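Secondary and tertiary structure notes
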Amino acid sequence: MAGSIEMTYREALHKSMLEEMDKNADVFLMGEDIGRYEGTFKVTKGLFPKYGHRRVIDTPITEAGFAGIATGAAMAGLRPIVEFMTMSFSILAMDQIINHTAKVHYMTNGEVKCPIVFRGPGGAAKQLSAQHSHSMEGWYAHVPGLKVVCPATPADIYGMMKTAIDDDNPVIVYENPGLYTVKGIVPDDPEFKIPFGKAQILREGKDLSLIGYSRMTHVNLATAELLAKEGIEAEVVDVRSLLPLDTETIYASVRKTHRAVVVYEDWRSGGFGAEIASRIGEDCFDDLDAPVIRVGGLNVPMPYARVLELQCIPDENDVLAAVHKLK
Amino acid sequence: MAKQAEKKNLESPADLEQYYRDMLFIRHFEEKCNVAYRQGKAGGYMHVYIGMEALAVGWMHSIRKGHDNVITAYRDHAHALLLGTDPVAVMAEIMGRKAGTAGGKGGSMHIYDPKNGMFGGWGIVGGHIPLGAGLAFASKYREDDKVTLNFMGDGAANQGVVFETFNMASLYELPCIFIIENNEFAMGTRLEYHAADTELWKRGAPFGIKSERVDGMDALQMKKDAQRIVDWVRKEQKPYLVEVMTYRYSGHGAADNDRQLYRTKEEEAENLKRDPIKRLEAVLIERNIANEEKLEAIDAEIQEIVEKIYAEADASPFPDVEEVYDNIYSDMTVEQGH
């Protein structure tokens, strides 16, 4: 059995890409300031000196252009990993990703594959305000032809990034700037992979299900601690993969606890958590003892002042308040 | 030296006849596409290449078919047919049939045949230009000696992502030829109303891309220019931008049924005088490669071939409704039902 190592989310992500680049010469990186500058969030640090400008490609600040070039390279059989400095900038590349990348396989009836990964941090960091704080995973998870994953732990980003690189379809790996310094145990196994479409139970409980993904999974874990002090046993469901979505694990938890709170950082209205909540309502109606509750980001553009910003992002207190309303 | 180069570019009678047959085939094939559309057998958006045939013929005869890459916008039938895509499959795709190049999922605008180097067939003006540069990027990465022909219309030459791609293609020295098929209209908007500088070939210069404007209404001249440029790009491994002057005789798409909104009948009549097919006919006769009877026989032969293609495509079945879920992904399907 392989051992395991403690490392940060950032280190696990870095290690995952490095190992896959070593395994497969068709894997290359592309993005703004990822090479010589080592990446804005330092995820790609050290890769440029190791692989050079052929495989670690600094791009101009033209997101649509490089998303499209990487897509074309994937159509020719290479396996690009494209970094968006922040996922908010991927809005400039939306036509490429949605109207081109996501359509290649279907429009060619499977004749052309598009093995590409788009990754980067999305959601609020710290006082980056309205244009740099978007949670857009739901936008992408809306699109047939894309796969979308939002790993919350170092082990998950390590294993899911490998799965993404190996996938023959376009994958959005949606990180969160608040996760890069999170520490965790990661298997010391270059072949370690986590399949998409598998949610996980990070804490068992019988009284209610706290359902979330990405950084909100950590908020849910913290909330469960607080609830335990009140004698309430919350089950924490980490969805991990939005498309494909593992409704089976989510429903099984709800059928056990009969109460569901869905937590997501994206704007509350129309975010992906609303999709999860809607499905639970549709498919688990008879199992529910209370309406499904959504806890989402405030429906406002992200403000700058720290006190206002914190107001927008769901935290343990917001989830706790929602749980108390359930009774 | 000059003489030698000239000699190399001088086509044989068989070559000339082939160019003629190719142009005529595209012309008749697309006239039949128009029939299919009028009969309700083709739907959606359909854009024919009528009038522009010399352009595609010149370029496709200058590349290594099945080795080099071709990508274009939605006016894509000619490119696929010239690369060797099964014409029945192209017609079947236009008719939305199972036997189509994409099983009826793409339609006229989305003809793909990657085995023959045809990478579409794209519907967003200018949107495929970075994809084409990406194909060239892969060639550079693998050093596989492929050249990519990256076609667009004059309307696409204004899109932001096209300029982004010019910059990166030059920055990374990609073996990519950007070919602007300037037929003088972006849909119904004349060149001088959509382009601040109507000399589109100049748009390569700010990015250090070698650029020029050539005539696309003369198949022989087009072939000479195309061959020279393809050879240069393959050797130098750098991008090139070519503005090819051409003219479409039909409307923008099948739904464009009032061309007088943007051009006069007199203008159209004037341009018909430089029909690339008639122009090559004159050369064939002048060089004693064919006489009137032979030309008529070729025409009849091609019309018959096209009739057969049409009949075969039309006799083929529509897709099974269950196929709607096929090939969204390579390895999974989506949740089913409404």
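Here, the structure is the one placed above.
So, here's what we can say about the structure. Everything numeric in this text was worked out from a predicted model, so none of it was measured.

This next bit is on the overall build of chain B. A tally of helices and strands in chain B yields 12 helices and eight strands. The C-alpha radius of gyration computed for chain B amounts to 20 Å, which stays within 12% of the reference 20 Å derived for 338 residues, consistent with globular compactness. Dimensions of chain B, computed from C-alpha atoms along their principal axes, come out at roughly 65 × 55 × 40 Å. Out of the 338 residues in chain B, the part that is buried amounts to 57%. Partitioning the intrachain contacts of chain B with sequence separation of at least 6 by distance along the chain shows that 74% fall at a separation of at least 24.

Here we take up empty space enclosed by the protein. Think of a ball as big as a water molecule: rolled over the atoms, this probe shows where empty space is left. Residue and element names in this part refer to chain A. In total, this model carries five cavities of 30 Å³ or more according to the counting rule given. Looking at the largest cavity, its volume works out to about 140 Å³. In terms of residue count, the dominant contributor to the lining of the largest cavity is strand β13 (residues 260-267) (three residues). Looking at the lining of the largest cavity residue by residue, the class counts come to seven nonpolar, four polar and two charged. Here the second largest cavity defines a volume of roughly 90 Å³. Forming the walls of the second largest cavity are 13 residues, and the residues nearest its centre are S135, E137, N176, S214 and E265. Listing elements by their share of the lining of the second largest cavity, those giving two or more residues are β7 (171-175) and α8 (215-229). Partitioned by chemical class, the residues of the lining of the second largest cavity number four nonpolar, five polar and four charged.

Residues and elements named next belong to chain A. Strand order in the open sheet formed by five strands is β9-β11-β10-β13-β14, and the pairing between neighbours is mixed. Since the sheet does not close on itself, it has two edges, and those belong to β9 (200-203) and β14 (293-297), each with one partner. Between one strand axis and the next, the sheet turns by 25 degrees as a mean value, whatever way the strands run. Of the strands in this sheet, β9, β10 (208-212), β11 (234-238) and β13 touch α8, which is tilted by about 160 degrees from β10.

Contacts between chain A and chain B engage 50 residues on the former and 37 residues on the latter. With both sides pooled, the region where chain A packs onto chain B buries about 3,700 Å², and carbon together with sulfur makes up 65% of that total. It is I69(A), Y106(A) and M107(A) in chain A that bury the most area against chain B; as a group they hold 21% of the surface buried on that side. Our enumeration of links across chain A and chain B arrives at three salt bridges. One salt bridge connects K115(B) with E111(A), and the closest N-O pair in it is separated by 3.0 Å. Inspection of the chain A/chain B interface yields 21 residue pairs in polar contact (both at pLDDT 80 or more). When contributions to the side of chain A that touches chain B are tallied by element, the ones reaching two or more residues are β2 (27-31), α2 (47-55), β3 (56-58), α3 (63-75), α4 (94-99) and α5 (104-107) of chain A. With 10 residues, the single largest contributor to the side of chain A that touches chain B is α3(A). Here the side of chain A that touches chain B is built from residues that sort into 22 nonpolar, 16 polar and 12 charged.

All names here are of chain A. Considering the arrangement of structural elements, one finds P314 in the loop between α11 (306-312) and α12 (316-326). Distance from P314 to L227, taken between C-alpha atoms, is 16 Å for residues 87 residues apart in sequence. Apart from residues lying up to four places away in sequence, P314 is in contact with M216, V219, V263, Y264, E265, V295, G296 and G297.

Bringing the pairing of β13(A) into the picture now. Residues and elements named next belong to chain A. Within β13, seven of the eight residues are buried, which leaves the element mostly enclosed by the surrounding structure. Alignment of β10 against β13, held across three bridges, turns out to be parallel. The residue bridging S209 from the neighbouring strand is A260, located in β13. Bridge count for β13 against β14 is four bridges, and the pairing is parallel.

Moving on to the sheet that holds strand β1 (residues 69-72) of chain B. Picture the strands of a sheet paired through backbone hydrogen bonds; they go either parallel or antiparallel. Residue and element names in this part refer to chain B. Pairing within the open sheet is parallel, and its six strands lie in the order β2-β1-β3-β4-β8-β7. Both edges of this open sheet fall to β2 (118-121) and β7 (210-215), since each of them pairs with a single strand only. When strand polarity is set aside, the average angle formed by the axes of neighbouring strands in this sheet is 15 degrees. The sheet contact formed by β1 and β2 spans two bridges and is parallel. When the bridges of β2 are listed, V70 appears paired with M118.

This brings us to the environment of E199(B). Residues and elements named next belong to chain B. Within the fold, E199 resides in the loop between α8 (191-194) and β7. Given a relative accessible area of 28%, E199 falls into the partly exposed group. Sequence separation between E199 and D314 is 115 residues; the distance between their C-alpha atoms is 43 Å. Contacts of E199, omitting those with residues within four sequence positions, involve R213 and E243. Here the side chain of E199 touches W201 through a polar contact of 3.1 Å, side chain to side chain.

About the thresholds
- Residues numbered from 1 in each chain as written.
- Chains lettered and ligands numbered in written order.
- Predicted model: local features only at pLDDT ≥ 70, side-chain atom pairs only at ≥ 80, totals over all residues.
- Heavy atoms only, no water.
- Helix = DSSP H or I, 4+ residues; strand = E, 2+ residues; numbered from the N terminus.
- Rg over C-alpha atoms; globule rule 2.2 N^0.38 Å.
- Buried < 20%, exposed > 50% of the residue type's maximum accessible area, 1.4 Å probe, protein only.
- Contact = heavy atoms within 4.5 Å.
- 1 Å grid on protein atoms, 1.4 Å probe; cavity = no way out; pocket = protein on both sides within 12 Å on 5 of 7 lines; lining within 4 Å.
- Points joined across faces, edges and corners; volume = space filled by probe spheres on them.
- Nonpolar A, V, L, I, M, F, W, Y, C, P; charged D, E, K, R; others polar.
- Pairing = 2+ DSSP bridges.
- Axes fitted to C-alpha atoms, helices over the stretch in contact; angles between N-to-C directions.
- Buried area = accessible area lost by both parts, 1.4 Å probe.
- Salt bridge = Lys/Arg side-chain N within 4 Å of Asp/Glu carboxyl O.
- Polar contact = N/O pair within 3.5 Å; in protein donor to acceptor, adjacent residues only side chain to side chain.

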